[in-house]
Amino acid sequence: MSPAPSRARIRPWLVAGDLAMAAAWVCAGALVKLLVYGPLGFGGRPEAEAVKVSLSIVYMFIFAWLETATGGASYNPLTVLAAAVASHGGPAVYVFTAFLRIPAQVIGAVLGVKLIQFTFPNVGKGARLSVGAHHGALAEGLATFMVVMVSATLKKKEMKSFFMKTWITSIWKNTIHILSSDITGGIMNPASAFAWAYARGDHTTFDHLLVYWLAPLQATLLGVWVVTFLTKPKIKEQEEDENKTKKE
């Protein structure tokens, strides 16, 4: 997760950063698949998944570094939503996130898909829902909830090691992605899901909105709330200990 925004962290240039990173993210994911099944020749072989995961971890580190370098720009609406909710920054942060940052990420992802399809016409059409809408919503929501729980917990613990935090998050995301890939594609990113659906022309269907927007957004809010609730007693205990120390 990127650092939680506060009132002082409402930076207009993050909108441009979100757009650029969302475009780059969908291109990176598509290029990895093209590389694995094309020049590297792993198509249909058991080691193809291992190579994809390895390459995915590499570019996840790159994007994590870009998030830090840009002060919080992100490619995933769920990341900025979770950060806005966790920050308790007030209406200004929510408006900035919902009406500027998330739309910028969606537009960036669409531009990225258009670019990669123009450059490589055989890139494919993205992940598709292979089960019923409600089954898919449950799978995508559960996958998102598990990823948000880990990311939010790492944020709460204020892990200082960039490498360890990114490593844990990357391995966990890839694991959840593999487990849910045959059901919904394991996208856990509404902007990317919308971009590929837009390219196919099914971005306004009930199935798409339920599975790739409503379910993961609700799972994100629930995940942040659960982590906040579970960590509150520890914070209260620390405050009580500090008060006792001051009295003594």
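Source: prediction; values computed, not measured.

Caption draft 1: Fine view of helix H3 (residues 77–87). Of all eleven residues in H3, nine are buried, a share of seventy percent or more. The set of residues buried in H3 consists of Pro77, Leu78, Thr79, Val80, Leu81, Ala82, Ala83, Ala84 and Ser87. Of the residues flanking the end of H3, it is His88, one or two places downstream, whose phi is positive at about 55 degrees.

Caption draft 2: Looking closely at the UniProt feature "transmembrane region" (unreviewed entry) in the protein chain. In the numbering adopted here, UniProt assigns the feature "transmembrane region" (unreviewed entry) to residues 12–37, 57–85, 92–113, 133–154, 175–198 and 210–230. With 96% helix and 0% strand, residues 12–37 has end C-alpha atoms that lie 39 Å from one another. Its end C-alpha atoms 31 Å apart, residues 133–154 is made of 100% helix and 0% strand.

Caption draft 3: View of the packing of helix H1 (residues 13–37) against helix H2 (residues 47–69). Direction vectors running N to C along H1 and H2 enclose 160 degrees, while the axes themselves pass 10 Å from each other. The orientation of H1 relative to H2 falls into the category roughly antiparallel. At the point where H1 passes H2, the crossing takes the right-handed sense. Contacts from Met21, Ala24, Trp25, Ala28, Gly29, Val32, Lys33, Leu35, Val36 and Tyr37 in H1 reach Ala48, Val51, Lys52, Leu55, Tyr59, Met60, Phe63, Leu66 and Glu67 in H2. Across the contact of H1 with H2, the residue classes tally to 15 nonpolar, one polar and three charged.

Caption draft 4: Expanded view of unusual backbone geometry. Here Met188, not a glycine, exhibits a phi torsion of approximately 55 degrees, which is positive. Given a relative accessible area of 9%, Met188 falls into the buried group.

Cut-offs applied
- Residues numbered from 1 in each chain as written.
- Predicted model: local features only at pLDDT ≥ 70, side-chain atom pairs only at ≥ 80, totals over all residues.
- Heavy atoms only, no water.
- Buried < 20%, exposed > 50% of the residue type's maximum accessible area, 1.4 Å probe, protein only.
- Helix = DSSP H or I, 4+ residues; strand = E, 2+ residues; numbered from the N terminus.
- UniProt positions renumbered as here; feature names shortened; annotations may be inferred.
- Axes fitted to C-alpha atoms, helices over the stretch in contact; angles between N-to-C directions.
- Parallel < 35°, antiparallel > 145°, perpendicular 65-115°, else oblique.
- Left-handed = near helix turned anticlockwise from the far one by under 90°.
- Contact = heavy atoms within 4.5 Å.
- Nonpolar A, V, L, I, M, F, W, Y, C, P; charged D, E, K, R; others polar.

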